[in-house]
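Residue-level listing of the chains:
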Amino acid sequence: MVENGVLCLQNIRSTTLTRERVFAQLRSEHIVHLGQVKRLYIEPNGSFTLIENEDDLAGLSIIPANDTAYLHRFQLTDQTVCAYCGLDQGKDTSCKNCGKSSWVQAIYRSEKPSRESSF
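An unreviewed UniProt entry annotates the protein chain as YetF domain-containing protein originating from Olivibacter jilunii.

Report on the packing of aromatic side chains, specifying residues and quantitative values.
Aromatic rings considered in pairs are described by the distance between their centres and by the relative angle of their planes. By the definition in use, this model includes one aromatic pair. On the basis of an interplanar angle of 80 degrees and a centroid distance of 5.2 Å, the ring pair of Tyr70 and Phe74 is categorised as edge-to-face. Tyr70 sits in the partly exposed class, given a relative accessible area of 24%. You can call Phe74 buried: its relative accessible area is 8%.

I'd like to hear about unusual backbone geometry, residue by residue, with values.
Non-glycine residue Asn4 carries a positive phi angle of around 50 degrees. One can find Asn4 in the loop between strand S1 (2-3) and strand S2 (6-7). The exposure class assigned to Asn4 is partly exposed, which follows from its relative accessible area of 44%. The backbone of His30 sits at a positive phi, close to 65 degrees, despite the residue not being glycine. Relative to the elements of secondary structure, His30 occurs in the loop between helix H2 (19-28) and strand S3 (37-42). Judged by its relative accessible area of 23%, His30 is partly exposed.

About the cut-offs
- Residues numbered from 1 in each chain as written.
- Predicted model: local features only at pLDDT ≥ 70, side-chain atom pairs only at ≥ 80, totals over all residues.
- Heavy atoms only, no water.
- Phe/Tyr/Trp six-rings, centres within 6.5 Å; stacked < 30°, edge-to-face > 60°.
- Buried < 20%, exposed > 50% of the residue type's maximum accessible area, 1.4 Å probe, protein only.
- Helix = DSSP H or I, 4+ residues; strand = E, 2+ residues; numbered from the N terminus.

Quick look at the structure:
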């Protein structure tokens, strides 16, 4: 579902999942942006397996935009990513992954919250 901080849209389309459902699953595991995700798999039984990036990379925020109080806890970077899938390719053309043409600044999170739950 996610590979190296970018949504795998073909994989998502082949399931009954939505982009929003993937984001909700990641938030339930204390992930706040796609740069924190190395891989996210959906297993045959419907559960998810998350492999976090060891490096603390910037990425597309998965926090709802209307939660401005929480979003202020994170640093905006100079890196621009696709607002839909998180691909970092520059904003001169449409996204090579999803075809959209909307770009946002990636966010960065330096501290990691304590994990209260696991798969």
